[in-house]
Amino acid sequence: MPLDILVGAQWGDEGKGRLTDLLAEQAQIVARYSGGDNAGHTVTVGGRVFKLHLLPSGILHPRTVGVLGNGMVVNPARLLEELAMLSQAGVEVSPARVKLSAAAHLITPAHIALDRAEEAARGEGRIGTTGRGIGPAYTAKIARQGLRAELLLDPEALAERVAEQIRQANRTLERVYGQPALDPVAIAAEYVDHARRLAPYVIDTSLYLHRQLRAGARVIAEGAQGALLDVDHGTYPYVTSSSPAAGGVFNGLGVGPKFVDRIIGVTKAFQTRVGEGPFPTEAFGPEAERLRGTGANPWDEFGTTTGRPRRCGWLDLVLLRYAIRVNGLTELAITKLDVLSGLPALKLCAAYRAGADRHEELPLGPADLAPFTAEWETLPGWDADLSGARTPADLPPAARAYLQRIEALAGVPVTMVSVGPERSQIVFL
Ligand code: IMP
């Protein structure tokens, strides 16, 4: 009865979706436990590109059930759009295959308006949120004022609670931020309509998962965002408002740790970040552009959710070791090794410098990375096209040396390396 956890070991966008999709071949259930439609998972199947924001990537396998756990914040309109998109693409998305936790929280247009108004008011201190209402929805949850998905089963109560929430938010929007008020009656009516369509999906997902695990099902807990965006363990305050690190799985799904088998951390072969905040291994100019790509390919470094160009740099082993520790990672999966082909030399950061001091570990966690500069190790690059590599022997010696150096600095095994966007483009080590 194993639970495998797959988490991002960086600032999100590590390519978790394609790995979940791959591992889902051997799983019965894929469950998301935190975040909302701030996430964007791009999965390529048979040349078709799917961009998922709420549903777990495993849904693209015909026999896998997708669970949206209680730790998530769900925009019902966006969930309906995603269900419709998949249905049109021929993916079956009936309530037999998609389960929404009754205890997940609902995002409303007021959360979105507040997210944008708060972000604008931060000015220079802005976080660079995705503007999807994530922070305000989690704020409401912790303040015990949230709207839970169980309300979708009681349209009358839902209408009342939504209208009340919009009225209350209007006071803040108008008086604090000088923003236009939203229409409580129209939004309540929209939510009643969403409820009609989403009610069949709402269940106690903790009970469902527990029964399935006891019956021997393999479950994958699919992380969104990454450890460095975790509200506790990330680069606070430049974080999201939930717990994407592995510890978030247990609260966010309502299952205990005894089921856990593997905790796989996904990292790119280099480093990227969207939004604001310090980034010690950031590259600039032509180097950054080379890592980012032009945007012509779906896998180039532009946000799946916002389209923003991602900040790009070199792999940061100080942060990776930190992510291994706070997640309890048993192994690493490295994505996008193929992107490094053709670079004459590759840089790795194994330690930071701050004045005369050298740090292999972060003295006070990653909240303030501004004092640190990267100490570089330079390794030789390779020219070969890796897209056809399927076994370690297919990789050029310089690529194997790069992976071995990462493994030595990380202290956990690298078990999988992706060399292209397709399901098959993976090397098991
Ligand atoms: P929020 O989650 O929209 O509140 O945004 C907070 C921070 O997390 C911002 O820096 C976002 O860019 C970042 N973020 C949120 N979700 C993702 C993601 O899925 N990938 C990468 N960054 C993300």
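Higher on the page you've got the structure.
A brief structural summary. (Residues numbered from 1 in each chain as written. Predicted model: local features only at pLDDT ≥ 70, side-chain atom pairs only at ≥ 80, totals over all residues. Heavy atoms only, no water.)

### A few points about the nonpolar core
Counting 60 residues, the largest nonpolar core has Leu3, Leu337, Leu340, Trp382, Leu395 and Tyr402 as the members making the most contacts within it. The element best represented in this core is helix H11 (residues 397-410), accounting for seven residues. Ignoring anything within four residues of it in the chain, the contact list for Leu337 reads Ala269, Trp382, Leu386, Leu395, Ala399, Tyr402, Leu403, Val417 and Ser418. (Core = buried A, V, L, I, M, F, W, Y, C linked by side-chain atoms within 4.5 Å. Buried < 20%, exposed > 50% of the residue type's maximum accessible area, 1.4 Å probe, protein only. Helix = DSSP H or I, 4+ residues; strand = E, 2+ residues; numbered from the N terminus. Contact = heavy atoms within 4.5 Å.)

### Quick word on the site of the ligand
Near the ligand lie 15 residues; those nearest to it are Asp13, Asn38, Gly128, Thr130 and Thr240. Within the contact set of the ligand, an oxygen atom lies 3.2 Å away from a backbone nitrogen or oxygen of Gly128. Between the ligand and Thr130, the relevant distance is 2.6 Å, taken from an oxygen atom to a side-chain nitrogen or oxygen of the residue. Taken together, the residues of the shell around the ligand sort by class into six nonpolar, seven polar and two charged. If you count residues domain by domain, the shell around the ligand takes at least three from each of domain 1 (3-91 + 205-428) and domain 2 (105-200). (Near = heavy atom within 4 Å. Polar contact = N/O pair within 3.5 Å; in protein donor to acceptor, adjacent residues only side chain to side chain. Nonpolar A, V, L, I, M, F, W, Y, C, P; charged D, E, K, R; others polar. Domains from an automatic or database assignment.)

### Let's talk about the environment of Leu337
Structurally, Leu337 is set in the loop between strand S15 (331-335) and strand S16 (345-354). As for Leu337 and Gly131, which are separated by 206 residues in sequence, their C-alpha atoms are 31 Å apart.

### Things to note about the sheet that holds strand S11 (residues 260-268)
If you trace the ten strands from one edge of the open sheet to the other, you get S9-S7-S5-S2-S10-S1-S11-S15-S19-S20, paired in mixed fashion. Two strands in the sheet have a free side with no partner beyond their single neighbour: strand S9 (202-203) and strand S20 (426-428). (Pairing = 2+ DSSP bridges.)

### Thoughts on the pairing of strand S5 (residues 65-68)
Side chains Val65 and Val67 project from S5 onto one buried face, and the interleaved Gly66 and Leu68 project onto a second face that is buried too. Across four bridges, strand S2 (residues 29-32) lies against S5 in parallel orientation. If you follow Ile29 over to S5, its bridge partner there is Val65.

### Things to note about the pattern of salt bridges
Applying the stated criterion across every chain yields a total of 23 salt bridges. Among the salt bridges present, the one from Arg218 reaches Asp4, with a minimum N-O distance of 2.5 Å. Linking Arg218 in the loop between helix H7 (205-214) and strand S10 (219-222) with Asp4 in strand S1 (residues 3-8), this pair joins segments that are 214 residues apart in sequence. Judged by relative accessible area, Arg218 falls into the partly exposed class, the value being 25%. The residue Arg126 makes a salt bridge to Glu276 at a minimum N-O spacing of 3.8 Å. Taken as a pair, Arg126 in the loop between helix H3 (109-122) and helix H4 (134-142) and Glu276 in the loop between strand S12 (271-273) and helix H9 (285-292) lie far apart in primary sequence, 150 residues in all. When salt bridges that share partners are traced, they join Asp13, Lys268, Glu301, Arg310 and Lys336 into one network. (Salt bridge = Lys/Arg side-chain N within 4 Å of Asp/Glu carboxyl O.)

### Looking at helix H6 (residues 184-198)
Between its first and last C-alpha atoms H6 spans 20 Å; for 15 residues at 1.5 Å apiece the expected length is 21 Å, and the two agree. Taken together, the buried positions of H6 are Pro184, Ile187, Ala188, Tyr191, His194, Ala195 and Leu198. For H6, the buried positions fall inside an angular range of 115 degrees around the axis, keeping them on one side. Turned more than 90 degrees away from the buried face of H6, the exposed residues are Val185 and Arg196. Contacts made by the buried residues of H6 are with helix H2 (76-88), H3, helix H5 (155-175) and S9. Where H6 begins, the side chain of Asp183 points an oxygen toward the backbone nitrogen of Val185, at a separation of 3.0 Å. (Expected span 1.5 Å × (residues − 1). Arc of directions from axis to C-beta.)

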